[in-house]
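Chain by chain, the residues run as shown.
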Amino acid sequence: LLMLTAFFPTACSDDNDESVLEEVKSSIQGNYNGTCGAVCMPNYRDTLRINSDATVDATSITIESLPVASLIDSILGKGIAEANGIKSAPLRMGYALYNAKQAYYPMSYDPSPIMLNVEKDGTTHEIDIRFAGKGSDFIWYYPKRLRIDITVATSRVFLDGEDTKLTFRFPIVLNRK
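Residues numbered from 1 in each chain as written. Predicted model: local features only at pLDDT ≥ 70, side-chain atom pairs only at ≥ 80, totals over all residues. Heavy atoms only, no water.

Quick look at the overall build of the protein now. Each helix and strand counted, the protein has five helices and eleven strands in total. Classification of the 177 residues of the protein by burial places 41% in the buried group. Pairs at least 24 residues apart make up 59% of the contacts formed inside the protein by residues separated by at least 6 positions. Only carbon and sulfur atoms are counted for the fraction: they give 51% of the accessible area of the protein, which is about 10,000 Å². (Helix = DSSP H or I, 4+ residues; strand = E, 2+ residues; numbered from the N terminus. Buried < 20%, exposed > 50% of the residue type's maximum accessible area, 1.4 Å probe, protein only. Contact = heavy atoms within 4.5 Å. Areas by Shrake-Rupley, 256 points an atom, 1.4 Å probe, with all protein chains shown as cover.)

Structure, rendered in structure tokens:
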């Protein structure tokens, strides 16, 4: 009986989706361009949309310009982001592709936090933007269209260590150059 149970974990792993093809893994890597939006929740207003470049390697996606100006202005007051010369910030996230046996490949992701120092009335404030994800949400890669669709949401936004209770979503569409 003990010898038979040693084979069960191996047999169960065969039931998982087929692994992602190497050609798909390599086709996702490269340089992208697209749009990044910022939506303040719960009013669902699209407050800012900008163009951004992105780079994808075998394990991570780096978006050069995530629009954070409206988030900063929501916390510290209108015009503060512009006064500090901040319109966007880079976002890096690890990812893993999964085979859905479809025309798309779901991807789990793990966004890194964004830390910003912003001055208001002669005082420097630290804004710490944390994102949901951590492998629980999915983004999508469409290999035939060479396109990645992402929606990243904040999980917590801190101002000088205090939770602001503010939530933003960032819809992103990236197309391979």
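Bringing the pairing of strand β7 (residues 123-131) into the picture now. Here seven bridges tie strand β6 (residues 114-120) to β7, and the two strands are oriented antiparallel to one another. When the bridges of β7 are listed, V118 appears paired with H125. Hairpin connection from β6 to β7: two residues lie between these consecutive antiparallel strands, with D121 at a positive phi of about 55 degrees. Pairing between β7 and strand β9 (residues 147-159): five bridges, direction antiparallel. When the bridges of β9 are listed, I129 appears paired with V157. (Pairing = 2+ DSSP bridges.)

With that settled, the discussion passes to the packing of aromatic side chains. The full count for this structure, using the stated rule, is four aromatic pairs. Aromatic pair F131 and F170: ring centres 6.2 Å apart, planes at 65 degrees, arrangement edge-to-face. Highlighted residues: F131 in strand β7 and F170 in strand β11 (residues 167-176), separated in sequence by 39 residues. Just as F131 is buried, F170 falls in that class too. Among the aromatic residues, ring-to-ring pairing joins Y104, W140 and Y142 into one connected group. (Phe/Tyr/Trp six-rings, centres within 6.5 Å; stacked < 30°, edge-to-face > 60°.)

The next thing to look at is unusual backbone geometry. A positive phi angle, close to 55 degrees, is found at K101, a residue other than glycine. Judged by relative accessible area, K101 falls into the exposed class, the value being 52%. In this model, K165 sits at a positive phi of 60 degrees, which is unusual for a non-glycine residue. Mapped onto the elements, K165 comes out in the loop between β10 (162-163) and β11. Under the relative-accessibility criterion, K165 is labelled exposed at 69%.

The subject of this paragraph is the pattern of salt bridges. The full count for this structure, using the stated rule, is six salt bridges. Across the pair D53 and K177 runs a salt bridge whose closest N-O atoms are separated by 3.3 Å. Of this pair, D53 sits in strand β2 (residues 45-56) while K177 is found in the segment after β11, placing the two residues 124 residues apart along the sequence. Taking relative accessible area as the criterion, D53 reaches 26% and is therefore assigned partly exposed. Residue K177 is classed as exposed on the basis of its relative accessible area of 63%. (Salt bridge = Lys/Arg side-chain N within 4 Å of Asp/Glu carboxyl O.)

On to the confidence of the model for the protein, then. Within the protein, residue pLDDT values average 87, and 85% of them lie at 70 or more. Every residue in residues 1-17 scores below 50 in pLDDT, and together they form two contacts with partners more than four places removed in sequence or on other chains. (pLDDT = per-residue confidence, 0-100.)

To continue, consider the nonpolar core. Formed by 48 residues in total, the largest nonpolar core has its most connected members in I61, I72, I127 and I150. The residues contacting I61, other than those within four sequence positions of it, are T55, V56, L91, R92, M93, Y95, M107, I139, I148, I150 and L174. (Core = buried A, V, L, I, M, F, W, Y, C linked by side-chain atoms within 4.5 Å.)

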